[in-house]
Amino acid sequence: MQHLMAAVILLATLPLTARAAETAVSHGGQGMSGSEKPMPATANLTFGDWIAGFRTRAEAQGIHAEVMDRAFAGIEYNTSVIEKDRNQSEFTRTIWDYLDSAVSADRIANGRAALAIHGDLLQRIEETYGVDKEVVVAIWGLESAYGTFRGSIPIIPAMATLASDGRRGEFFEGQLVAALKILQAGDVDASHMTGSWAGAMGHTQFMPTSFLDHAVDFTGDGRRDIWSDDPADALASTAAYLRNFGWQKGALWGVEVRVPEGFDYGLTGERVKKSATDWAALGIRDMEGKAVPDHGAASILMPAGARGAAFMIFPNFHVIERYNAADAYVIGVGHLADRIAGGPPIRANWPREDRALLAAERQELQEKLTEAGFSTGGVDGKIGPNTIAAIRAFQRTVGLVPDGYASVEVLGRLK
Ligand SMILES: [Ca+2]
C-alpha cells in the first residue's frame, strides 16, 4: 500500500473492494489511450520467455529456485487481468455517490456487528498498536466488506502476467518478487495467496510489498495470515500499518465544519495548515456552532467545492491517506469509523445535481485553462494542486467562488 500513497485516485465504477488495488496501479486512473500495444498473438510463448528471464532476476533477489518452481508450476498467462488493466473506466464517481455506498446504512450496521463479534480481538489490537478500533473496522469494511470479498484471483499468475506486460511491468515485478518472498517465508502457500486482479490481498487488501513491510502475526502461530477466515492477523496488520505511519490514538481524522459568510476559499485545501484556534479566529465552527478543539495542524477540505460539505482535517487524515490517497476514500474511512462509533451523519448537502467530469473533460479543462493563461503544469487529466490553483485563479477573474473545484460549470465558462 505504500505504492498507493502518491497515487491520484480513481473512484470509478469499481467495487469498493477492488479500489485499493485499482488505486495502487491507476496512477490517476485515466482510461487507456489508443496507443497501447495490442497483446501479441503469441502471448503464451512470450510469457514463457519472460518467465525465464524473470527467474534469473528473482534468484538474484534471494528467491530460492524451489520456491520459484512451486509458485510457477503450471502457471498460465491471465488474459482477463490484462483486459481489466486496459479497461478501467473513464467514469469518475462523485464523492457523494461514493460516500452513499461507502457509508451506507448496511455498512454501518455491519461494522457495529463486526465490532461486537470481534470486540475482544479489536480491543487487544487497539491496545497493542495504539490505533482506534473503529478506524481498523472501517478500513476492513471498505476494503472487503468485513471480509466478505477478499478476492479469489491467484496472486502469482496475476502479478506475473502484469509484470510481463510492458505497461507497468516494473511496478508489478516488484509486487511479484514481494509475493514470492511471502511464499518463501512460509506465511501462505501459492494456492491460498489470492486477492484482487491488481494484487491487493486479504481482509484489508494489502499489496505484497506492504505485507512485507507491515504485516504481523497477531495469533502467534508463526504465520502472518491475512487470507483466512480468521481476520486477526489482517486487522492487526492494518493497525500496525497505521501506527507505523503515525496514527494518534484518540485524535480525530477530521470533523465537519461550517465556514462563515465571506470566507476566503483560497484557504481551503491540504496546502494551508493552521491550528484549530487560528481557524476559529477565522470563523470556522463545528456543526454545533462551537470552536473545534485542537487535534494538530489542520486544513479545511471542501471536496465538492463551496456548495458541498466542509471538513477540518488533522494529521490522522494523512495517515489514512497512506492507505489510499483519495480524499473520498479517507473521508469514507473516517466517517464510517465515526458512524460505527455512533457519530452523526454529514449534515451539509452535496451538489447532487452536478456530475463528475469525464477523463476527456478533465483534460479539456486543463487545456482551456492553460490557453486562457492559467497554467495547469501539463495536461494529464489529473486534478492536482496545480490544476486546482489554476481553477481558483480563473474563478477569481470571472467572479465565481474561488473554491478550485473542477466542475462542469467551470469547464462551461472556459468554452
Ligand atoms: Ca498468525
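Residues numbered from 1 in each chain as written. Predicted model: local features only at pLDDT ≥ 70, side-chain atom pairs only at ≥ 80, totals over all residues.

Some thoughts on the overall build of the protein
Helices and strands together make up the secondary structure of the protein, namely 18 helices and six strands. Scored against the burial criterion, the 415 residues of the protein give a buried share of 49%. Within the protein, residue pairs in contact and separated by at least 24 positions form 70% of the contacts whose partners lie at least 6 positions apart. (Helix = DSSP H or I, 4+ residues; strand = E, 2+ residues; numbered from the N terminus. Buried ≥ 20, exposed ≤ 12 C-beta atoms within 10 Å, placed from the backbone. Contact = placed C-beta atoms within 7 Å.)

Regarding the confidence of the model for the protein
Residues with a pLDDT of 70 or more make up 88% of the protein, whose mean pLDDT is 89. Contacts of residues 1-42 to residues separated by more than four positions or lying in other chains number 109 contacts, the stretch itself having pLDDT below 50. (pLDDT = per-residue confidence, 0-100.)

Some remarks on the pairing of strand 3 (residues 254-258)
Where a strand is regular, its side chains alternate between the two sheet faces. Most of strand 3 sits out of view: four of its five residues are buried. Pairing geometry for strand 3 and strand 6 (residues 310-313), over four bridges, is antiparallel. The partner of Gly-254 across the bridge, within strand 6, is Ile-313. Pairing of strand 3 with strand 4 (residues 285-286), which is carried by two bridges, proceeds in the antiparallel orientation. Along strand 4, the bridge assignment pairs Arg-258 with Arg-285. (Pairing = 2+ DSSP bridges.)

Some details on the nonpolar core
Counting residues in hydrophobic clusters, the biggest one holds 109 residues, and the most contacted among them are Val-136, Met-159, Ala-179, Met-193, Met-312 and Val-333. With nine residues, helix 10 (residues 169-185) is the single largest residue contributor to this core. Structurally, this core is a two-domain feature, drawing no fewer than three residues from each of domain 1 (2-89 + 150-244) and domain 2 (359-414). Excluding its chain neighbours within four sequence positions, the residues that come into contact with Met-193 are Pro-154, Ile-155, Ile-156, Ala-179, Ile-182, Leu-183, Val-188, Met-201 and Trp-227. (Core = buried A, V, L, I, M, F, W, Y, C linked by C-beta atoms within 7 Å. Domains from an automatic or database assignment.)

A closer look at the pairing of strand 6
The side-chain alternation of strand 6 yields two buried faces, one formed by Ala-310 and Met-312 and the other by Phe-311 and Ile-313. Taken together, the three bridges between strand 5 (residues 299-301) and strand 6 define a ladder with antiparallel strand orientation. Each bridged residue has a counterpart across the sheet, and for Ile-300 the counterpart in strand 6 is Met-312.

Here's the deal with helix 8 (residues 133-144)
Look at helix 8: 16 Å from first C-alpha to last across 12 residues, which is about the 16 Å you get at 1.5 Å a residue. Of all 12 residues in helix 8, 12 are buried, a share of seventy percent or more. Listed in full, the buried residues belonging to helix 8 are Lys-133, Glu-134, Val-135, Val-136, Val-137, Ala-138, Ile-139, Trp-140, Gly-141, Leu-142, Glu-143 and Ser-144. (Expected span 1.5 Å × (residues − 1).)

Focus on the packing of helix 7 (residues 119-129) against helix 8
Helix 8 packs onto helix 7 with a crossing angle of 115° between their chain directions and a minimal axis gap of 9 Å. Of the two elements, helix 7 crosses helix 8, and the hand of that crossing is right-handed. In this structure, helix 7 contributes Leu-122, Gln-123, Ile-125 and Glu-126 to the contact, and helix 8 contributes Lys-133, Val-136 and Val-137. Here the contact of helix 7 with helix 8 is built from residues that sort into four nonpolar, one polar and two charged. (Axes fitted to C-alpha atoms, helices over the stretch in contact; angles between N-to-C directions. Left-handed = near helix turned anticlockwise from the far one by under 90°. Nonpolar A, V, L, I, M, F, W, Y, C, P; charged D, E, K, R; others polar.)

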